[in-house]
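# A look at the structure
The chain contents come next:
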Amino acid sequence: MSSSNAAGMELQAVPVLETSRLLMRGYHVADFADYAAMGQDPNFYRYLSPGPMPTEDSWSTMLRSIGHWTLMGYGFWAIEEKASGRFIGAIGYVNRKRNIEPPIGDTPEIGWVLAPAVHGQGYATEAVAAAIAWGDAHFGHARTMCIIHPDNQPSLRLAQKFGYREYARTTYHGGPIVMLERAGRE
């Protein structure tokens, strides 16, 4: 469902995806406290940044996702654990217009982050499977890509499990990055 805002832009409703244990939905204001707390945990940010994520960056990330859905028709979902109703992470596609070599261009970039407390429970696998199924339908089985820190072996294994293959190593914001792609499918 979509509608228009005061500027006449179409507002894209965030589709809700559901797995056996997860609800993937748009962000709620109530997610902010848990997202900000995740950003303070070294086990969360160790592959993302050199230090804790400022709380204002957590808020900006949530708002940026809403804008992505509006402008691009895709973005990040909040991941909610169905059994507890708590926010446990985020997953989705972005077009960040990154200043990176080799360039990403307009290729949709998938990414995921989960609270360290739920690592090792298969939630990331469940969420990535649902996001890729949505992405294949939405993008017409087009090429997608992701960037992952080379020391983040769990995420690299997960990406590879879903068909992502390394095509470059580079630096981004001064840190090493592995660039992986999942070829388009007919």
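About the criteria used
- Residues numbered from 1 in each chain as written.
- Predicted model: local features only at pLDDT ≥ 70, side-chain atom pairs only at ≥ 80, totals over all residues.
- Heavy atoms only, no water.
- Helix = DSSP H or I, 4+ residues; strand = E, 2+ residues; numbered from the N terminus.
- Rg over C-alpha atoms; globule rule 2.2 N^0.38 Å.
- Contact = heavy atoms within 4.5 Å.
- Areas by Shrake-Rupley, 256 points an atom, 1.4 Å probe, with all protein chains shown as cover.
- Buried < 20%, exposed > 50% of the residue type's maximum accessible area, 1.4 Å probe, protein only.
- Pairing = 2+ DSSP bridges.
- Core = buried A, V, L, I, M, F, W, Y, C linked by side-chain atoms within 4.5 Å.
- Axes fitted to C-alpha atoms, helices over the stretch in contact; angles between N-to-C directions.
- Parallel < 35°, antiparallel > 145°, perpendicular 65-115°, else oblique.
- Left-handed = near helix turned anticlockwise from the far one by under 90°.
- pLDDT = per-residue confidence, 0-100.

### A short note on the overall build of the protein chain
Counting its secondary structure elements, the protein chain contains five helices and 10 strands. The C-alpha radius of gyration computed for the protein chain amounts to 16 Å, which stays within 12% of the reference 16 Å derived for 186 residues, consistent with globular compactness. For the protein chain, the C-alpha atoms occupy an extent of roughly 40 × 35 × 30 Å along the three principal directions. Considering only residue pairs separated by 6 or more positions, the protein chain has 60% of its internal contacts joining residues 24 or more positions apart. When the accessible surface of the protein chain is totalled, it reaches about 9600 Å², and 54% of it is carbon and sulfur.

### Side note on the pairing of strand β5 (residues 76–81)
Burial of β5 is extensive: six of the six residues sit out of reach of the surface. Burial of β5 is two-sided: the residues Phe76, Ala78 and Glu80 facing one way and the residues Trp77, Ile79 and Glu81 facing the other way are all buried. Relative to β5, strand β4 (residues 22–25) runs antiparallel, the two sharing four bridges. Pairing of leucine 23 across the sheet is with glutamate 80, part of β5. Here β5 pairs with strand β6 (residues 87–94) via five bridges, running antiparallel. When the bridges of β6 are listed, glutamate 80 appears paired with phenylalanine 87.

### Remarks on the nonpolar core
If you look at the biggest cluster of nonpolar residues, it comprises 44 residues, and the most contacted ones within it are Met24 and Ile91. Setting aside its immediate chain neighbours within four residues, methionine 24 contacts Pro15, Val16, Leu17, Trp77, Ala78, Ile79, Ile91, Ala127, Ala130 and Ala131. Counting residues in hydrophobic clusters, the runner-up holds eight residues, among them Met145, Tyr172, Ile177 and Met179.

### Quick look at the packing of helix α1 (residues 31–38) against helix α3 (residues 55–72)
Relative to each other, α1 and α3 sit at 125 degrees, their axes nearing to 9 Å. Comparing their axes, α3 and α1 come out oblique. Of the two elements, α1 crosses α3, and the hand of that crossing is right-handed. Seen from α1, the contacting residues are Asp31, Phe32, Tyr35 and Ala36; seen from α3, they are Thr55, Ser58, Trp59, Thr61 and Met62.

### Digging into the confidence of the model for the protein chain
Considering every residue of the protein chain, the mean pLDDT works out to 90; 93% of them sit at 70 or more. Here strand β1 (residues 2–4) stands out as the element of the protein chain with the lowest mean pLDDT, 48, in contrast to β4, whose mean of 98 is the highest. Contacts of residues 1–7 to residues separated by more than four positions or lying in other chains number 13 contacts, the stretch itself having pLDDT below 50.

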